[in-house]
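A look at the structure
The lines below spell out each chain.
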Amino acid sequence: MKVLIAVDFSPIGREVAHAGYQIAQRLGMNPTFFHCAPLTSRFFEGYDIKAFVSPTSRIETDNLKQVATQKLNKVMEDVLSEKGITAGLKIDEHVTVGDAGEEIVEYAKKNKFDLIVIGYKSYSTIERILVGSTASKVARYAPCSVLIYRPED
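Bear in mind the structure is a predicted one, so any value in this text is a computation, not a measurement.

**Concerning helix H3 (residues 100–110)**
Residues of H3 that are buried: Ala100, Gly101, Ile104, Val105, Tyr107 and Ala108. Down the axis of H3, the buried side of the element spans an arc of 165°, and every buried residue falls inside it. On its buried face, H3 sits against strand E1 (2–6), strand E2 (30–37), strand E3 (92–97), strand E4 (115–119) and helix H5 (134–141). Immediately beyond the C-terminal end of H3, within one or two residues, lies Lys112, with a positive phi of roughly 55°.

What follows is the structure in structure tokens.
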């Protein structure tokens, strides 16, 4: 069985990484830490102001993925050092660029995940206004069960 742990680099995203990995350990599921970096030009699709926003070039996308991979690796290191490595679990990671909700759902379908763990919110209020909630999109369209993580108050 496999669990996709959707990680952004917000404080809640880091908690999601810890909670998702703990769930994987308890249930004996192979965890994949997943991060999707946003394309800023995508936020403005359909708006006349898109002309003022240059689309992300291939080099910029590659650089963005490289930085995101480094940050995801740091989150994973923190999680594994705190929670320990459980023998028998295959720990994986995946970084992509695009619309987080779409990318998570597509990756989960393609790789036949059994569970997705995602935070109830992210950094960006403007992203939620312009694009919609990633958690809502994933819960609606995912091919498997979705656990929406909410931190304790």
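Next comes the rest of the description.
**Side note on H5**
If you check which residues of H5 are buried, you get Thr134, Ala135, Lys137 and Val138. Buried residues along H5 cover an arc of 165° about the axis, so they all sit on one side. Of the residues flanking the start of H5, the one acting as N-cap is Ser133, its side-chain oxygen 3.3 Å from the backbone nitrogen of Ala135.

**A word on the pattern of salt bridges**
All told, the structure shown has four salt bridges when counted by the stated rule. When the shortest N-O distance is used, the salt bridge between Asp99 and Lys137 registers 3.1 Å. Here Lys137 lies in helix H5 and Asp99 lies in the loop between E3 and H3, a separation of 38 residues in the sequence. Assessed through its relative accessible area of 8%, Asp99 is described here as buried. Judged by relative accessible area, which is 18%, Lys137 ranks as buried.

**Remarks on the packing of aromatic side chains**
Tallying each qualifying case throughout the model produces three aromatic pairs. An angle of 45° between the planes, with centres 5.3 Å apart, marks the rings of Phe34 and Tyr107 as tilted. With Phe34 in strand E2 and Tyr107 in helix H3, this residue pair connects regions lying 73 residues apart in the sequence. Summarising the burial analysis for this pair, Phe34 and Tyr107 share the class buried. Ring plane angle 35° and centroid distance 5.8 Å describe the contact between Tyr107 and Phe113, whose orientation is recorded as tilted. In this structure Phe113 comes out as buried when scored by relative accessible area, which is 6%. The rings of Phe34, Tyr107 and Phe113 are connected pair by pair, giving a single aromatic cluster. Cation over ring: Lys2 sits above Phe113, and NZ or CZ is 4.8 Å from the ring centre.

**A few points about unusual backbone geometry**
Most peptide bonds are trans, and most residues other than glycine sit at a negative phi. The backbone of Lys112 shows a phi angle near 55°, a positive value even though the residue is not glycine. You can see Lys112 is positioned in the loop between H3 and E4.

**Considering the sheet that holds strand E5 (residues 145–149)**
The sheet built from five strands is open, its strands ordered E3-E2-E1-E4-E5 with parallel pairing. The open sheet terminates on both sides in strands that have one partner only, identified here as E3 and E5. Strand-to-strand, the axes of this sheet are offset by a mean angle of 20°, without reference to chain direction. Here E4 pairs with E5 via five bridges, running parallel. By the bridge assignment for E5, Val117 is matched with Leu147. Contacting E1, E2, E4 and E5, helix H1 (residues 11–27) runs over the sheet at an angle of about 155° to E4. Along the sheet, H3 makes contact with E1, E2, E3 and E4, crossing E2 at roughly 150°.

Criteria and thresholds
Residues numbered from 1 in each chain as written. Predicted model: local features only at pLDDT ≥ 70, side-chain atom pairs only at ≥ 80, totals over all residues. Heavy atoms only, no water. Buried < 20%, exposed > 50% of the residue type's maximum accessible area, 1.4 Å probe, protein only. Helix = DSSP H or I, 4+ residues; strand = E, 2+ residues; numbered from the N terminus. Arc of directions from axis to C-beta. Contact = heavy atoms within 4.5 Å. Polar contact = N/O pair within 3.5 Å; in protein donor to acceptor, adjacent residues only side chain to side chain. Salt bridge = Lys/Arg side-chain N within 4 Å of Asp/Glu carboxyl O. Phe/Tyr/Trp six-rings, centres within 6.5 Å; stacked < 30°, edge-to-face > 60°. Lys NZ or Arg CZ within 6 Å of the ring centre and 35° of its normal. Pairing = 2+ DSSP bridges. Axes fitted to C-alpha atoms, helices over the stretch in contact; angles between N-to-C directions.

These results come straight from atomic positions and should not be treated as a statement about function.
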